[in-house]
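# Geometric and topological summary
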Amino acid sequence: MDEHNAPIKQARLANLDAIRGLGVLGIFFLNIYFMGNSFFGYAPHEVQPTSDIILLIFSNFFLEGRFFSLFAMIFGVGMLIQYQRQQMGMDTATTSQRNKRIKCRLYWLIAFGVIHAIFIFPGDILLSYGVSGLLAFRYISLSADELIRKAKWFIFLSLIPIALISLMPDDQVYSRDSAFFIEQLAAWTGSYQQQLTLHLTMFAYMLAVIPLTLMWYITGLMLLGMALYKRNIFVDGLDNKTLWQCVFWAITLASLDSILSLSGNQMLESMSDLLLWFSAIATALIYIHIIVKFCKNTPHRLKLLQNVGRMAFSLYILQSIVGILLLRYIAPDWLYSLDRIGYVSIAIIYSVFQLLLADVYLRKFNQGPLEKLWRVLVSRTS
């Protein structure tokens, strides 16, 4: 495919909105486990129920890391589209002024991420995306082949510290029946001042981790997304050879991930985390292909999903607010009793609500409230 024929003249790509919508809905299926205890997440039983094992395996194949990777790729695409549109613009702004606008968007995203992480949900991704976006922007004008080479290096570099961190021994036993679990839940469901202290602690931890791991991994995914866009993958989908390679690696790595994560051996479980990142990329590419082939860049196909994608920023923050209110204030007792099937049920019900909410909202407004605020802030400061 000719990367120079990428569809940069279209006002909006329906495929991208649908993929972004799938990404933001899918993220909640994983974040919901961390809305109660934002550091350790779900506490397994000493003897796991069958339903937990089944859902864990299902998550390893279809959920874990998939939507995080998908969202990062789409973020890179969005940045590239904005860059190309500005390069084609007829205004009198210089190249440096146009680039400043894009960087300004990222600076504001970082600001939103800091506010979100400290005051609402410390499992924030906006800060990481903003920082990684600034790094990825340095390579935005490279060819598709060059972007893929860069992406491979960034992802590889991120896995070295991830491996070292994941293999570090953990003396604390975190399970449903442990005293440590009870202690953690008491802290995370305490007063807002107590929670704020925990948020600040976790935020400091994230500031240390992002430059070592997430920044490189997310940057690699953003560059990969740009390369795929320049190759028209978001219009045509993957070729058959690449698609079946992704299917093979997704199944193989997810299978190994599941076997190791259920082994009961701490070292093997840590190794499974590394496999997760690779299987997540392969599965995310499959999801992109499916959406592209089904949506066919038509505004009326997967319209509800497209609407969610158009409001992804607003809905992502709303997910955090709703999840925190539900599990820390309205029904904190659920943290002692919910199994995986309970969390998944909450995510399914709330996903339906988001689909309906986005549809109703966009009948009256052109964009989400935070999307509009972001745009206004950038226009006034760039």
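Please refer to the structure higher up on the page.
Anyway, here's the lowdown on the structure attached to this text. Numbers given for residues are sequential positions, taken from 1 along each chain in its written order. Only residues with pLDDT of at least 70 get local features here, since the model is predicted, and only at 80 or more are side-chain atom pairs given and counted; chain-wide, interface and lining totals rely on the full set of residues. To obtain the side-chain values, all non-hydrogen atoms of the structure were used and water was disregarded.

## Things to note about the packing of helix H1 (residues 14-31) against helix H13 (residues 303-310)
Between N-to-C directions, angles cover 0 to 180 degrees, with each direction set by a line fitted to C-alpha atoms, over the stretch in contact for helices. Helical segments are the DSSP runs of H or I of at least four residues, strand segments are the runs of E of at least two, and each set is numbered from the N terminus. Viewed as axis vectors pointing N to C, H1 and H13 meet at an angle of 75 degrees, and their least axial separation amounts to 6 Å. When the axes of H1 and H13 are compared, the pair comes out roughly perpendicular. Note on element contacts: H13 touches H1 through Leu 305, Gln 306, Val 308, Gly 309 and Arg 310, opposite Ala 14, Asp 17, Ala 18, Arg 20, Gly 21, Leu 22, Val 24 and Leu 25. A per-class count over the contact of H1 with H13 returns seven nonpolar, three polar and three charged. Small angles under 35 degrees read as roughly parallel and large ones over 145 as roughly antiparallel, with 65 to 115 read as roughly perpendicular and the rest as oblique. Residue contacts follow a heavy-atom distance rule, with two residues in contact if any of their heavy atoms lie within 4.5 Å. For this classification, Asp, Glu, Lys and Arg are treated as charged, while Ala, Val, Leu, Ile, Met, Phe, Trp, Tyr, Cys and Pro are nonpolar and the rest, including Gly, are polar.

## Here we look at the packing of helix H3 (residues 66-88) against helix H5 (residues 126-137)
Direction vectors running N to C along H3 and H5 enclose 50 degrees, while the axes themselves pass 11 Å from each other. Between H3 and H5, the angle falls in the class oblique. With respect to the hand of their crossing, H3 and H5 are arranged in right-handed fashion. Contact residues: H3 offers Phe 68, Phe 71, Ala 72, Phe 75, Met 79 and Tyr 83, while H5 offers Tyr 129, Gly 133, Ala 136 and Phe 137. For the contact of H3 with H5, the residue count by class is nine nonpolar, one polar and no charged. Here is the rule for handedness: rotate from the far helix to the near one, and if that takes an anticlockwise turn smaller than a right angle the crossing is left-handed, while a clockwise turn gives right-handed.

## A look at the packing of aromatic side chains
Under the pairing criterion, centres of Phe, Tyr and Trp rings, with the six-membered ring standing for Trp, must be within 6.5 Å; the plane angle then separates stacked pairs below 30 degrees from edge-to-face pairs above 60, leaving the rest tilted. By the definition in use, this model includes 25 aromatic pairs. Feature note: the residues Phe 68, Phe 71, Phe 75, Tyr 129, Tyr 217 and Trp 277 constitute an aromatic cluster, connected by ring pairs. If you follow Arg 340 out to its NZ or CZ, it ends over the ring of Tyr 33, 5.3 Å from the centre. Working rule: Lys NZ or Arg CZ, within 6 Å of ring centre, within 35 degrees of ring normal, means a charge sits over the ring.

## Brief notes about the environment of Gln 245
Its location among the elements puts Gln 245 in helix H11 (residues 240-261). Classification of Gln 245 as partly exposed rests on a relative accessible area of 40%. Gln 245 sits 37 residues away from Ala 282 along the chain, and the two C-alpha atoms are 8.4 Å apart. Under the scheme applied here, a residue whose accessible area is under 20% of the maximum for its type counts as buried, over 50% as exposed, and between as partly exposed, the area being computed with a 1.4 Å probe on protein chains only.

## A few points about unusual backbone geometry
The backbone of Lys 296 sits at a positive phi, close to 55 degrees, despite the residue not being glycine. Relative to the elements of secondary structure, Lys 296 occurs in the loop between helix H12 (266-295) and H13. Using a relative accessible area of 54% as the deciding quantity, one classes Lys 296 as exposed. Residue Leu 302 is not a glycine yet carries a positive backbone phi of 55 degrees. Along the polypeptide, Leu 302 turns up in the loop between H12 and H13.

## Some thoughts on the side chain of His 199
Checked against the element boundaries, His 199 lands in helix H8 (residues 192-209). Discounting residues that sit within four places of it in the chain, His 199 has contacts with Ala 117, Ile 118, Phe 119, Ile 120, Phe 121, Pro 122, Trp 188 and Arg 328.

## A closer look at a nonpolar patch on the surface
Judged by side-chain polarity, Ile 115, Phe 119, Tyr 192, Ile 321, Leu 325, Tyr 329 and Ile 330 come together as a nonpolar surface patch covering roughly 690 Å² of accessible area. Of all the elements in the fold, those that place two or more residues in the nonpolar patch are helix H4 (95-119) and helix H14 (312-330). When residues in the nonpolar patch are grouped by element, the largest group, four residues, is from H14. Looking at the secondary structure, you find Tyr 192 in helix H8. In this structure Tyr 192 comes out as partly exposed when scored by relative accessible area, which is 38%. Patch membership needs two things, relative accessible area over 30% and no salt bridge, and members are linked within 9 Å if like-charged or within 5 Å if nonpolar (Val, Leu, Ile, Met, Phe, Trp, Tyr). With residues, only the protein chains shown are counted as cover, and all accessible areas are computed by Shrake-Rupley using a 1.4 Å probe. By definition here, a salt bridge exists when the distance from a side-chain nitrogen of Lys or Arg to a carboxyl oxygen of Asp or Glu is within 4 Å.

## Describing the side chain of Ser 59
The topology assignment puts Ser 59 in helix H2 (residues 50-62). Setting aside chain neighbours within four positions, we find Ser 59 in contact with Leu 30 and Glu 64.

## A few points about the pattern of salt bridges
This structure, assessed with the given rule, holds four salt bridges. The partner of Asp 145 in a salt bridge is Arg 231, with the nearest N and O atoms 2.1 Å apart. A residue pair is termed long-range when its members are at least 10 positions apart, and Asp 145 in helix H6 (residues 144-166) and Arg 231 in the loop between helix H9 (214-230) and helix H10 (233-236) qualify at 86 residues. Across the pair Arg 363 and Asp 359 runs a salt bridge, and its minimum N-O distance is 2.8 Å.

## Some details on H8
For a helix, the expected span equals 1.5 Å multiplied by the residue count minus one. Its 18 residues give H8 an end-to-end C-alpha distance of 25 Å, which sits within 8% of 26 Å, the value for a rise of 1.5 Å per residue. Of the residues making up H8, those classed as buried are Gln 195, His 199, Met 202, Phe 203, Met 206 and Val 209. In an axial view of H8, the angular spread of the buried residues amounts to 115 degrees, which keeps them on one side of the axis. Facing away from the buried surface of H8 by more than 90 degrees, the exposed residues are Gln 193 and Thr 201. As used here, the arc is the angular range of directions from the helix axis to the C-beta atoms.

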